[in-house]
Amino acid sequence: MNLLLIVTVIIAIANGCSSAPTEDTDERESLQELEAVRCLRQTLEDSCERNSGSNATYGDMMEAVADIPACVGSKFDLEVLIDGWNQLSNTTREQYFTTYCPVVKQSVQECLVPVEAISRLCMTSEAQRVEWPDFPMYLLPKVVDLLCEGHGEILFANNSQSPTKCFENYFTYMKQCMRNFVSETNAKPRGEFAEVECRVLERSRRCVFDKLTNCGNGELIRVFDLPYRSVVEQTACRNFIKLE
């Protein structure tokens, strides 16, 4: 079972891909996306049953995903956290990160780890070994630690006047730079990566770094490097890519 499939299905289902479109073109694209998600969901469900030996695993996983918002909401006031984030400055950063880092870390452990544990059952033992290190829910605690380090020091690198702007743009940059990654690598499992796939990955990182640098904070590439380093170290890419 490919890790990318698990992540795609979880995100797609959680986001509700069937939202109502407003134009004919959007409607056609939405229907195509919905059909694709249905096919992926069936593949994931079959994989969960095959690899875990239980037909209840898929349902347990999606139930855990559905419980995430309520679980997180019980730990802190998300609206207040976001409001503080939007007003983040050198004056407010120490109090903000001192207040929220502990509760966000707790939320990750208590609300997301259950999804991580169940999702892992849907993967083959080889996929768990090679692909798990860059699973988003596995890496999220490391991302939180990185952002909390020095009371958000990475956000204020290069004397950034808009500390949250580049981080908020990061996900758009990553989507843009990784857009062709699946097609160019033929969606190969990590364990089958050779030099061609590794060079595509390397170019994707450079793309993200350039966009972050143009935004004003190239230091945020360290967020991308969390999964990037894991992929390189756990695959044949370690023979072709030199990590700094």
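Just so you know, the residues in each chain are numbered from 1, in the order the chain's sequence is written. Restriction of local features to residues with pLDDT of at least 70 applies here, the model being predicted, together with a cutoff of 80 or more for giving and counting side-chain atom pairs; totals for whole chains, interfaces and linings are based on all residues. Only hydrogens and water are set aside when side-chain values are computed; all heavy atoms of the structure are taken into account.

## Things to note about the layout of surface pockets
Right, so step 1: Each cavity reported here is a set of points on a 1 Å grid over the protein atoms alone in which a 1.4 Å probe fits but cannot get out, each pocket an open set with protein on both sides within 12 Å along at least five of seven lines, and each lining residue one with an atom within 4 Å of a point. Grid points are joined across faces, edges and corners, and a volume is the space filled by probe spheres set on the points. Reported here for the second largest pocket is a volume of approximately 310 Å³.
Right, so step 2: Around the second largest pocket, the lining residues are Glu 202, Arg 205, Arg 206, Phe 209, Ile 221, Asp 225, Tyr 228, Arg 229, Ile 241, Lys 242, Leu 243 and Glu 244.
Right, so step 3: Only α10 (195-215) and α11 (221-234) provide two or more residues apiece to the lining of the second largest pocket.
Right, so step 4: Its residues assigned to classes, the lining of the second largest pocket comprises five nonpolar, no polar and seven charged. Elements are defined by DSSP. Helices are runs of H or I of four residues or more, strands are runs of E of two residues or more, and each kind is numbered from the N terminus. In this classification, Asp, Glu, Lys and Arg are treated as charged, Ala, Val, Leu, Ile, Met, Phe, Trp, Tyr, Cys and Pro as nonpolar, and every other residue, Gly included, as polar.

## So, helix α5 (residues 93-120)
Right, so step 1: Bend, at a single residue, is the angle you get between axes fitted to the 7 residues ending at that residue and the 7 residues starting at it. Along its length, α5 reaches its greatest deviation from straightness, about 45 degrees, at Leu 112, and the proline Pro 114 lies no more than four positions downstream.
Right, so step 2: Burial classes: relative accessible area under 20% of the type maximum marks a residue as buried, over 50% as exposed, and values in between as partly exposed (1.4 Å probe, protein chains only). Among all positions of α5, only Arg 93, Tyr 96, Phe 97, Tyr 100, Cys 101, Ser 107, Val 108, Cys 111, Leu 112, Val 115, Glu 116 and Ser 119 are buried.

## Notes on the packing of helix α8 (residues 165-177) against α10
Right, so step 1: Only the stretch in contact is used when fitting a helix axis, every axis being a line fitted to C-alpha atoms; angles between N-to-C directions are given from 0 to 180 degrees. Where α8 meets α10, the closest approach of the two axes is 9 Å, and the angle between their N-to-C directions is 150 degrees. As the angle between them shows, α8 and α10 are arranged roughly antiparallel. In this structure, the crossing between α8 and α10 has a hand that is right-handed. Listed contacts from α10 to Lys 165, Cys 166, Asn 169, Tyr 170, Tyr 173, Met 174, Gln 176 and Cys 177 of α8 are Ser 204, Cys 207, Val 208, Lys 211, Leu 212 and Cys 215.
Right, so step 2: Of the residues in the contact of α8 with α10, the class split is nine nonpolar, three polar and two charged. The labels follow the angle: roughly parallel below 35 degrees, roughly antiparallel above 145, roughly perpendicular from 65 to 115, and oblique for the rest. By definition, turning the near helix anticlockwise from the far helix through less than a right angle yields a left-handed crossing, and turning it clockwise yields a right-handed one. Residues count as neighbours in contact if any of their non-hydrogen atoms are within 4.5 Å of one another.

## As for the state of the cysteines
Right, so step 1: In this description, a disulfide is simply a cysteine sulfur pair whose atoms lie within 2.5 Å. Applying the stated rule across the entire model yields six disulfides.
Right, so step 2: Residue pairing for Cys 71: its cysteine sulfur links by disulfide to Cys 111, the two sulfurs lying 2.0 Å apart. Given an S-S torsion of about -80 degrees, the disulfide between Cys 71 and Cys 111 has left-handed geometry. A residue pair is termed long-range when its members are at least 10 positions apart, and Cys 71 in helix α3 (residues 57-73) and Cys 111 in helix α5 qualify at 40 residues. Taken as a pair, Cys 71 and Cys 111 share a single burial class, namely buried.
Right, so step 3: A sulfur-sulfur distance of 1.9 Å marks the disulfide that ties Cys 101 to Cys 148. The disulfide joining Cys 101 to Cys 148 has a torsion of about -105 degrees about its S-S bond and is therefore left-handed. A residue pair is termed long-range when its members are at least 10 positions apart, and Cys 101 in helix α5 and Cys 148 in helix α7 (residues 136-148) qualify at 47 residues.
Right, so step 4: With a relative accessible area of 15%, Cys 148 lands in the buried category.

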